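Here are the chains, one letter per residue:
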Amino acid sequence: KAGVTQTPRYLIKTRGQQVTLSCSPISGHRSVSWYQQTPGQGLQFLFEYFSETQRNKGNFPGRFSGRQFSNSRSEMNVSTLELGDSALYLCASSLQGNSNQPQHFGDGTRLSIL
Amino acid sequence: DAKTTQPPSMDCAEGRAANLPCNHSTISGNEYVYWYRQIHSQGPQYIIHGLKNNETNEMASLIITEDRKSSTLILPHATLRDTAVYYCIVRSYLMNRDDKIIFGKGTRLHILP
């Protein structure tokens, strides 16, 4: 069974640009969550999608948004990029997002802002 | 803030059991304990989880104290490939809009040859 796939693996952007990251969950998984990981702040929860609806949201500005498609694939978008957005962005999927179901992570997209 | 406390780093000799502690003294009755690990340049890998009973799978064992205020992850025969950062988190099984998974700083485990 294929794991969580994130594309691209690496991305370089400049300040002010926008970026879209993609996540394909494990087949059959309907919940997709996104996290940001930086050396200073560690792993921080961005948002969770289930059945094409955002079900949960972390404390990030509105520049960070996401969506989920009918096939459970998800994208996240960051607009007006800032230097501080440089990070590893991780996607995790689980069957239905219930707390007794483990999340499985992809290897992330490393975003660098110049 | 993270609901768990872990030592920042630990060493373990190759072939020995690695015992990683986690304190979650404010855990509530509806919260599971989860363990993940992260090897450099990869995403976190799920290891094991439990509610109140001890659990074992092919990777590790999870021992949860009777009062559920702490737990220990046991890697029975550590290898060099077990060198990673290990995260202990708690998560409510009552799904609500405030169910955010909060990772702490984890324990950096060094397996010594």
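Data block above holds the structure.
Just so you know, these numbers come straight off a predicted model, no measurement behind them.

Thresholds applied
- Residues numbered from 1 in each chain as written.
- Chains lettered and ligands numbered in written order.
- Predicted model: local features only at pLDDT ≥ 70, side-chain atom pairs only at ≥ 80, totals over all residues.
- Heavy atoms only, no water.
- Salt bridge = Lys/Arg side-chain N within 4 Å of Asp/Glu carboxyl O.
- Buried < 20%, exposed > 50% of the residue type's maximum accessible area, 1.4 Å probe, protein only.
- Disulfide = S-S within 2.5 Å.
- Helix = DSSP H or I, 4+ residues; strand = E, 2+ residues; numbered from the N terminus.
- Pairing = 2+ DSSP bridges.
- Axes fitted to C-alpha atoms, helices over the stretch in contact; angles between N-to-C directions.
- 1 Å grid on protein atoms, 1.4 Å probe; cavity = no way out; pocket = protein on both sides within 12 Å on 5 of 7 lines; lining within 4 Å.
- Points joined across faces, edges and corners; volume = space filled by probe spheres on them.
- Nonpolar A, V, L, I, M, F, W, Y, C, P; charged D, E, K, R; others polar.
- Contact = heavy atoms within 4.5 Å.
- Buried area = accessible area lost by both parts, 1.4 Å probe.
- Polar contact = N/O pair within 3.5 Å; in protein donor to acceptor, adjacent residues only side chain to side chain.
- Phe/Tyr/Trp six-rings, centres within 6.5 Å; stacked < 30°, edge-to-face > 60°.
- Lys NZ or Arg CZ within 6 Å of the ring centre and 35° of its normal.

S.K.: Hey, could you run me through the pattern of salt bridges in this one?
M.R.: Residues and elements named next belong to chain A. Tallying each qualifying case throughout the model produces seven salt bridges over all chains. The salt bridge partner of Arg 67 is Glu 75, with a shortest N-O separation of 3.3 Å. The class for Arg 67 is partly exposed, based on a relative accessible area of 46%. Salt bridges sharing partners connect three or more residues here, namely Arg 63, Glu 82 and Asp 85.

S.K.: Even after reading the chapter, I still don't get the state of the cysteines, so can you show me in this structure?
M.R.: Chemically, a disulfide is nothing more than a covalent bond linking the sulfur atoms of two cysteines. If you walk through the whole model with that rule in mind, you get two disulfides over all chains. One disulfide bridge connects Cys23(A) with Cys91(A), the sulfur atoms lying 1.8 Å from each other. Residues Cys23(A) and Cys91(A) share a disulfide whose torsion about the S-S bond is about -55°; that sign makes it left-handed. Within this pair, whereas Cys23(A) is found in strand 3 (residues 19-24), its partner Cys91(A) is found in strand 9 (residues 87-94), the two being separated by 68 residues in sequence. Its relative accessible area of 0% is what places Cys23(A) among the buried residues. A residue is classified by how much of its surface remains accessible, and Cys91(A), at 0% relative accessible area, is buried. One disulfide bridge connects Cys22(B) with Cys88(B), the sulfur atoms lying 2.1 Å from each other.

S.K.: Would you mind showing me how to read the sheet that holds strand 1 (residues 9-13) of chain B here?
M.R.: Strand pairing in a sheet relies on backbone hydrogen bonds, with the paired strands running either antiparallel or parallel. Residue and element names in this part refer to chain B. Overall, mixed pairing links the five strands, which are arranged 1-9-8-3-4 in an open sheet. The sheet is open, and its two edges are formed by strand 1 and strand 4 (45-50), each paired on a single side. For this sheet, the mean inter-axis angle between neighbouring strands, taken without regard to orientation, is 25°.

S.K.: Looking at this structure, I do not really get the sheet that holds strand 5 (residues 55-56) of chain B. What am I missing?
M.R.: Residues and elements named next belong to chain B. Read from one edge to the other, the open sheet built from four strands follows the order 2-7-6-5, with strand pairing classed as antiparallel. Looking at strand neighbours, the two that pair on one side only are strand 2 (18-23) and strand 5, the edges of this open sheet. Here strand 5 pairs with strand 6 (residues 61-64) via two bridges, running antiparallel. Within strand 6, the residue paired with Thr 56 across the bridge is Ser 61.

S.K.: Please explain the layout of surface pockets as it appears in this structure.
M.R.: Take a probe with the size of a water molecule and roll it over the atoms, and the empty space left behind shows itself. There is about 620 Å³ of room inside the largest pocket. The wall of the largest pocket is formed by 28 residues, among which Gln37(A), Gln38(B), Val85(B), Tyr87(B) and Arg108(B) lie closest to the centre. When contributions to the lining of the largest pocket are tallied by element, the ones reaching two or more residues are strand 4 (31-38), strand 9 and strand 11 (109-113) of chain A together with strand 8 (84-92) and strand 9 (107-112) of chain B. Examining the composition of the lining of the largest pocket, we find that four residues originate from one element, strand 9 of chain B, more than from any other. Within the lining of the largest pocket, the residues separate by chemical class into 10 nonpolar, 15 polar and three charged.

S.K.: Please explain the interface of chain B and chain A as it appears in this structure.
M.R.: Contacts between chain B and chain A engage 23 residues on the former and 25 residues on the latter. For the chain B and chain A pair, buried surface summed over both sides reaches about 1900 Å², with 49% attributable to carbon and sulfur atoms. For the pair chain B and chain A, the number of links is zero salt bridges. The interface formed by chain B and chain A contains five residue pairs in polar contact (both at pLDDT 80 or more).

S.K.: How do you make sense of the packing of aromatic side chains when you look at a structure like this?
M.R.: Think of a pair of aromatic rings as described by two things: how far the centres are apart, and how the planes are tilted against each other in angle. Going through the model one piece at a time under the given rule, you end up with 13 aromatic pairs over all chains. Centroid distance Tyr34(B) to Tyr36(B): 6.2 Å. Interplanar angle 15°. Geometry classified as stacked. Just as Tyr34(B) is buried, Tyr36(B) falls in that class too. Taken together, the ring pairs in this structure connect Tyr35(A), Phe45(A), Phe105(A), Tyr32(B), Tyr34(B), Tyr36(B), Tyr46(B), Tyr87(B) and Phe103(B) into an aromatic cluster. In this structure, Arg55(A) is placed above the aromatic ring of Phe50(A), and the distance from its NZ or CZ to the ring centre is 4.3 Å.

S.K.: I would appreciate a short explanation of the side chain of Ser74(A) in the present structure.
M.R.: Its place among the elements puts Ser74(A) in strand 8 (residues 74-78). Discounting residues that sit within four places of it in the chain, Ser74(A) has contacts with Leu21(A), Ser22(A), Cys23(A), Val32(A), Trp34(A), Tyr49(A), Arg67(A), Gln68(A) and Phe69(A).

S.K.: Honestly, the pairing of strand 5 (residues 42-50) of chain A in this entry has me stumped. Any pointers?
M.R.: Along any regular strand the residues' side chains alternate between the sheet's two faces. Residue and element names in this part refer to chain A. Of all nine residues in strand 5, eight are buried; the element is thus mostly enclosed. Pairing geometry for strand 4 and strand 5, over eight bridges, is antiparallel. When the bridges of strand 5 are listed, Thr 38 appears paired with Gly 42. If you look at the hairpin formed by strand 4 and strand 5, you'll find three residues sitting between the two strands. Across four bridges, strand 5 lies against strand 6 (residues 53-57) in antiparallel orientation.

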